Amino acid sequence: MNDEATRAYSYFPGCSVTATNRAYDISTRSVAGALGVELAELDDWNCCGATAYLPIREKRSFVLSARNLAIAEKQGRELATICNACYVVLRKTNKHLAEDPKLHEEVCQALAAGGMDYGGTVRVRHFLDIVVNDLGEEAIRSHVTRDLSGLKVACYSGCQLSRPFDDLDDPEYPELMGRLIGWLGAEAVPFPMSAKCCGGLAMTTRPEIGQTLTGKILKVAKQAGADCVTTCCPLCQINLEGYQGAVGAAIGADCSIPVLYFTQLMGSAFGLGQKELALKDSLTPVKALLAEKVGT
Amino acid sequence: MTTAKAEELSRELLENVYELPHGEKINECIQCGTCSASCPSIAAMEYGPREIVASLRAGMLDRVLNSNTVWLCVSCYSCTIRCPAGIPFADVMYELKRLEVEKGLSKDSEGATMAKAFVETVDDHGRSVETKLLRKYFLRTNPFKALPQVPLAMKLFFRGRLEIFGRKIKGLENLHKMLAAIEENETK
Ligand code: SF4
Ligand code: SF4
Ligand code: SF4
């Protein structure tokens, strides 16, 4: 493994963290800075297409992803993402292009019309994966300056993180984030809902479905005795933090619990300030929780 | 709908499914129902994943595409990771969604309206802009359904979390050229 100071990745923030969920982007950059990891934002990246572009125009969605991968390939580094949907879609594009030479050729011809080319060599990584597997326990522990002991955390990975590829984490009972939370000094409570779907866009298109799915996740987190839920995806985050009142009413249970990004919790263990972690953006009482338990 | 139409739908679907990695495994479905039991949207679907395969085999795919089913899929991949036959069912759902849109069978579906609004927004900006996306979506469905979103929108607004004017990427013109080029030999 390389020296910490030389770790550098291309970075694909993704559309949903430019405004609504910018706290994730801000806290990720702060944490990376503290860890000495360079995240170089991909120049003029475009939307990866996410789960909503695929069902309308599949090949166009491959072109969208491939343009980003082409830009990353020029930079010659692995591509870090922080959104589960981006992570899956970019990897899916890589896989389809690798398994289908004809498709790869068509996509390359399309890229060429805009002066680009993609050879297929970029490895796509989730920032959670980078932190746990590239940096590892020792590096993380050595940066912890604030005591998180006594803080109980329900780690929510979301449904797509290790699906369908099944190679990053257990697709049913993920443990990557729990390990990280343990290194920070907090306690990851047993949380069987970690990979159950929050409903995604159904929260908007079919609220009754979205509310039931998100409701179960929040209810079980509370039952498990968690003080908060951590997420690693901006879409999961907005569903879990944004509708707690309506969700609680829909399922007839108390669903109010602070929800924050794993990067915000990391930063708080590393002694970073509220501003660097964009805590004021939270829709749940994250600031109060961290002030009480951690002293952030 | 006539039987001929149903057969044509099945044929078109299978052609597309066979092009997917491991798509041919759909023929090995043993009708165990693991997919349906794992599906978070099953309660609202008229036909669950297992019944979709059964309908396909019975030449009755039209009833699935005329129902509320496929756009309720939230792409969680639970069916895919658990299927004992290795069928990538979440991807089959994507194929069904595409087929439904192509055949004009998804007019009333909220999910399809959302997906189309998303595609337009991304095509306009090179990125997704949530405020524009939601405006398009609610204007085309039921604007009053936007009302429950207002408290959240206000909270986001006061925290400066709403992007009102979407920025466009610099390479938008080149991106459009790329999309036009793939469109030329697009088959599905
Ligand atoms: S849990 Fe929700 S937001 Fe997260 S990946 Fe699944 S559908 Fe998307
Ligand atoms: S889980 Fe697989 S084999 Fe079982 S019914 Fe579903 S598609 Fe068929
Ligand atoms: S991917 Fe779709 S069909 Fe499969 S389990 Fe999830 S919601 Fe159901």
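Structural data are supplied above this passage.
Now for a look at the structure at hand. This structure is a prediction, so every number in the text was calculated from the model and none was measured. (Residues numbered from 1 in each chain as written. Chains lettered and ligands numbered in written order. Predicted model: local features only at pLDDT ≥ 70, side-chain atom pairs only at ≥ 80, totals over all residues. Heavy atoms only, no water.)

What to know about the packing of helix α3 (residues 49-57) of chain B against helix α6 (residues 89-102) of chain B
Residues and elements named next belong to chain B.
Line of reasoning, step 1. The N-to-C vectors of α3 and α6 enclose an angle of 60 degrees; their axes lie 11 Å apart at closest approach. Classified by the interaxial angle, the pair formed by α3 and α6 is oblique. For α3 against α6, the interelement crossing comes out left-handed. Counting all contacts with α3, which are made through P49, I52 and V53, the residues of α6 involved are F89, M93 and L96.
Line of reasoning, step 2. Among the residues making up the contact of α3 with α6, the classes are represented as six nonpolar, no polar and no charged. (Axes fitted to C-alpha atoms, helices over the stretch in contact; angles between N-to-C directions. Helix = DSSP H or I, 4+ residues; strand = E, 2+ residues; numbered from the N terminus. Parallel < 35°, antiparallel > 145°, perpendicular 65-115°, else oblique. Left-handed = near helix turned anticlockwise from the far one by under 90°. Contact = heavy atoms within 4.5 Å. Nonpolar A, V, L, I, M, F, W, Y, C, P; charged D, E, K, R; others polar.)

What about the interface of chain A and chain B?
Line of reasoning, step 1. Facing 64 residues of chain A, the contacting portion of chain B comprises 62 residues.
Line of reasoning, step 2. For the pair chain A and chain B, the two sides together bury roughly 5600 Å², of which 60% comes from carbon and sulfur.
Line of reasoning, step 3. On inspection of chain A and its partner chain B, the count reaches four salt bridges.
Line of reasoning, step 4. For R82 of chain B, the salt bridge is made with E172 of chain A, and the minimal N-O distance between the two is 2.5 Å.
Line of reasoning, step 5. Counting across the interface, chain A meets chain B through nine residue pairs in polar contact (both at pLDDT 80 or more).
Line of reasoning, step 6. Of all the elements in the fold, those that place two or more residues in the side of chain A that touches chain B are α2 (50-53), α3 (58-75), α4 (84-99), α5 (101-113), α8 (202-205), α9 (207-223) and α10 (234-242) of chain A.
Line of reasoning, step 7. For the side of chain A that touches chain B, a count of residues per class yields 30 nonpolar, 16 polar and 18 charged. (Buried area = accessible area lost by both parts, 1.4 Å probe. Salt bridge = Lys/Arg side-chain N within 4 Å of Asp/Glu carboxyl O. Polar contact = N/O pair within 3.5 Å; in protein donor to acceptor, adjacent residues only side chain to side chain.)

Some details on empty space enclosed by the protein
Residues and elements named next belong to chain B.
Line of reasoning, step 1. The full count for this structure, using the stated rule, is six cavities of 30 Å³ or more.
Line of reasoning, step 2. When its volume is computed, the largest cavity comes out at roughly 120 Å³.
Line of reasoning, step 3. Among the secondary structure elements, those contributing two or more residues to the lining of the largest cavity are α2 (34-38) and α3.
Line of reasoning, step 4. Residues of the lining of the largest cavity, tallied by class, amount to eleven nonpolar, three polar and one charged.
Line of reasoning, step 5. Roughly 100 Å³ of volume is contained in the second largest cavity.
Line of reasoning, step 6. With three residues, α6 is the largest single contributor of residues to the lining of the second largest cavity. (1 Å grid on protein atoms, 1.4 Å probe; cavity = no way out; pocket = protein on both sides within 12 Å on 5 of 7 lines; lining within 4 Å. Points joined across faces, edges and corners; volume = space filled by probe spheres on them.)

Purely geometric stuff here, so don't read any function into it on its own.
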